[in-house]
Amino acid sequence: MATSAAPAAGPSQGAAADPRRWLILAVICTAYLMVGLDLTVMNLALPSAQEALDFTDADRQWIVTAYALPFGGLLLFFGRLSDLFGRKETFLVGLTGFAVASAVGGAATSFGMLVTARACQGVFAAMLAPACLALLATTFTDPKEKAKAFGAYSAVAASGTALGLIIGGVLTDGLNWRWCMYINLLFAGAAFLGGATLLHKQPRTHTRMDIPGVLLSSGGMFCVVYGFSNAADDTWSTPGTWGFLALGAFLLTTFALWQTRAAQPLLPPRIVLDRNRGGAYLAVLFVGTGVFGVMLFLIYYMQTDLGYSAIVSGVALLPLIVLTGVGANVGGVKLMPKTGPRPLVTAGLLLTAAAMAWLTRIGPDSGYATHLLGPTMAAGLGMGLIFAAVLRTGTSGVAPEDAGIASACVNTGQQIGGAIGVALLNTIAATAAGDWLKSNVQGQPSPEQLSLAAIEGYTTVFWWCTAIFAVGAVVSGLLLRSGPLPSSEDTPAATLPEQTEAARP
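Residues numbered from 1 in each chain as written. Predicted model: local features only at pLDDT ≥ 70, side-chain atom pairs only at ≥ 80, totals over all residues. Heavy atoms only, no water.

Undergrad: Hey, could you run me through the state of the cysteines in this one?
TA: Per the stated rule, a full pass over the model turns up zero disulfides. Counting only cysteine sulfurs, Cys 132 is the nearest neighbor of Cys 29, a cysteine outside any disulfide, at a range of 8.5 Å. (Disulfide = S-S within 2.5 Å.)

Put into structure tokens, the structure is as follows:
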């Protein structure tokens, strides 16, 4: 038994002993940073792209939605695909496709060409994201080194969205909107060169793809993301919103039932039913839902109400990014091995909830140092602590052949949470602003009154975000186990039952 199981652990052990493993970490972080940036890098470039390609305000949402739909819908499929066909191969194909799609998008001469390029970016992002985390989880096996590696990766994962806003503002103001797409060629080129040179080929899982599971999960995720995207730009009562949400719920429920009966399920129930991993996936869902209170509405407030430029509003988020890195590294390296995930996730969510409550004090003449700096720093530290715990916990205790699908679950929670957050918080903000105008304005509102109504919408959103993070802290705290991750869960050892059975002739 010991002899047959040994080969499965070889690559991980070899990679851990490889002196180039820290370069491998840099390659993985570079690729994932590119994926995270593209969630927001085009947001600040949309007005310039709209003027250049002459598309309508109604069409503008599709530049963002076209990326999110395939990204969210295909994560589970590509997570399992990386287990079946090799993570190095999936990683390199994903980088190549993402670079080509970015080049096409940057050279777009029409709205259709740009939307198609963004959709292709989403497809290859879904291929890259789980491969990145799975490569990280299987490359580092020494507990101390693993803590440092996950700390660095967590900082990149948690700050990528904010960095996208900064880079998008700088490129749009300094060059033009097309460079928000072309910049990916630099990231993809560097990561591809490093990946082709440094990454080891890993054993492939000798199982079949669960085709019904792929169709049910991808269809369900697509409908959920699309339904929430419609709600963000339309109303909840339209068939394009509730119809797709209902269909998505039906497909995902059917998928969950099918996974309990499938001979070789796409997402084995043991992955999500573990308390620690399940708690980590739920924590990511809550973070993805609430984080747009910072990344979306705070940007609106700074630019439309305080008059910040795209670059200045991006720079204003730098303390958030710095504290995210600090929280991720301190949490992952110093605290996680001693305390385990529960204290970090709970404290991080409560700290972020406090930051959201702090932001409700904003007004039309608020100063950056007095009203924004403190909350953004607190939110950054909180998110750093959360990601330091959930990324490592979400892939803990799984056999190497399941690392890709476990990684996809982490990313899926983030994408679904983001779709829910945009739709829910947009609706809340619009309703609160409309109610303020009805109660305080007769006739045509003045610009000052419109600004006050908008701020009322923002503060209402911040209160909701406070509640979302607080509920997330309670749910995650109850679900996650106390104490450090068991050593048998911290390292995907070759002696896990599933792997031992698979190794037998």
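Now that the structure is up, let's keep going.
Undergrad: Help me understand the packing of helix 14 (residues 297-305) against helix 20 (residues 447-479), please; the structure alone is not making it clear to me.
TA: The relative placement of two packed helices is expressed as an angle between their axes plus a distance between the axes. Between helix 14 and helix 20, the shortest axis-to-axis distance is 10 Å and the interhelical angle comes to 160 degrees. With respect to helix 20, the axis of helix 14 lies roughly antiparallel. Handedness of the crossing formed by helix 14 with helix 20: left-handed. Contact residues: helix 14 offers Phe 297, Leu 298, Tyr 300, Tyr 301, Thr 304 and Asp 305, while helix 20 offers Ser 451, Ala 454, Ile 455, Tyr 458, Val 461 and Phe 462. Taken together, the residues that form the contact of helix 14 with helix 20 break down as nine nonpolar, two polar and one charged. (Axes fitted to C-alpha atoms, helices over the stretch in contact; angles between N-to-C directions. Helix = DSSP H or I, 4+ residues; strand = E, 2+ residues; numbered from the N terminus. Parallel < 35°, antiparallel > 145°, perpendicular 65-115°, else oblique. Left-handed = near helix turned anticlockwise from the far one by under 90°. Contact = heavy atoms within 4.5 Å. Nonpolar A, V, L, I, M, F, W, Y, C, P; charged D, E, K, R; others polar.)

Undergrad: How should I be thinking about the pattern of salt bridges in this particular structure?
TA: Think of it this way: side chains of opposite charge can pair up when their charged atoms draw near. Scanning the entire structure with this criterion turns up seven salt bridges. The salt bridge involving Asp 402 is made with Arg 80; its shortest N-O contact spans 3.3 Å. Here Asp 402, found in the loop between helix 18 (368-394) and helix 19 (403-440), pairs with Arg 80, found in helix 4 (residues 57-85); they are 322 residues apart in sequence, far enough to count as distant. In this structure Arg 80 comes out as buried when scored by relative accessible area, which is 6%. Here Arg 87 and Asp 83 are joined by a salt bridge, their closest N and O atoms 2.6 Å apart. Here Arg 87 falls in the buried class, since its relative accessible area comes to 3%. Take Asp 83: its relative accessible area is 0%, and that puts it in the buried class. Look at the salt bridges and you will find they share partners, linking Arg 80, Asp 83, Arg 87, Arg 270 and Asp 402 into a network. (Salt bridge = Lys/Arg side-chain N within 4 Å of Asp/Glu carboxyl O. Buried < 20%, exposed > 50% of the residue type's maximum accessible area, 1.4 Å probe, protein only.)

Undergrad: Could you clarify how one ought to interpret a positive patch on the surface in this entry?
TA: On the surface, Lys 144, Lys 148, Lys 334 and Lys 338 cluster together into a patch of positive charge. Among the secondary structure elements, those contributing two or more residues to the positive patch are helix 7 (143-174) and helix 16 (318-339). Mapped onto the secondary structure, Lys 338 falls in helix 16. (Patch = residues over 30% accessible without salt bridge, like charges linked within 9 Å, V, L, I, M, F, W, Y side chains within 5 Å. Areas by Shrake-Rupley, 256 points an atom, 1.4 Å probe, with all protein chains shown as cover. Lys, Arg positive; Asp, Glu negative; His and termini not counted. Charge placed at Lys NZ, Arg CZ, Asp CG, Glu CD.)

Undergrad: Could you clarify how one ought to interpret the nonpolar core in this entry?
TA: Side chains of a nonpolar character, in soluble globular proteins, are inclined to be buried together. Judged by nonpolar contacts, the single largest core of 134 residues is most densely connected at Phe 91, Leu 136, Tyr 153, Tyr 301, Met 302 and Leu 391. The contact partners of Leu 136, leaving out residues within four places of it in the chain, are Leu 25, Ile 28, Ala 149, Phe 150 and Tyr 153. Judged by nonpolar contacts, the second largest core, of twelve residues, contains Leu 69, Val 225, Ile 416 and Ala 423. (Core = buried A, V, L, I, M, F, W, Y, C linked by side-chain atoms within 4.5 Å.)

Undergrad: Sorry if this is basic, but what is going on with the packing of aromatic side chains here?
TA: For any pair of aromatic rings, the description consists of the separation of the ring centres together with the inter-plane angle of the planes. In the structure shown here, the tally under the stated rule is twelve aromatic pairs. Aromatic side chains Tyr 67 and Phe 71 sit 5.7 Å apart centroid to centroid with 75 degrees between the ring planes, which places their arrangement in the edge-to-face category. Of the two residues, Tyr 67 and Phe 71 both sit in helix 4, four residues apart, roughly one turn of that helix. For the pair Tyr 67 and Phe 71, a shared accessibility class is recorded, and that class is buried. For the pair Phe 222 and Tyr 226, a centre-to-centre distance of 6.0 Å together with 10 degrees between the ring planes defines the contact as stacked. Remark: Tyr 226 and Phe 222 occur in helix 9 (residues 211-233); sequence separation between them is four residues, near one turn of the helix. Ring pairing ties together the aromatic residues Phe 297, Tyr 300, Tyr 301 and Tyr 458, which thus form one cluster. (Phe/Tyr/Trp six-rings, centres within 6.5 Å; stacked < 30°, edge-to-face > 60°.)

Undergrad: Please clarify how the packing of helix 17 (residues 341-359) against helix 18 should be interpreted in this entry.
TA: It is the contact of helix 17 with helix 18, at a shortest axis distance of 8 Å, that shows an interaxial angle of 155 degrees. Comparing the axis directions of helix 17 and helix 18 gives the class roughly antiparallel. Seen along the crossing, helix 17 lies across helix 18 with a hand that is left-handed. Partitioned by chemical class, the residues of the contact of helix 17 with helix 18 number 18 nonpolar, six polar and no charged.

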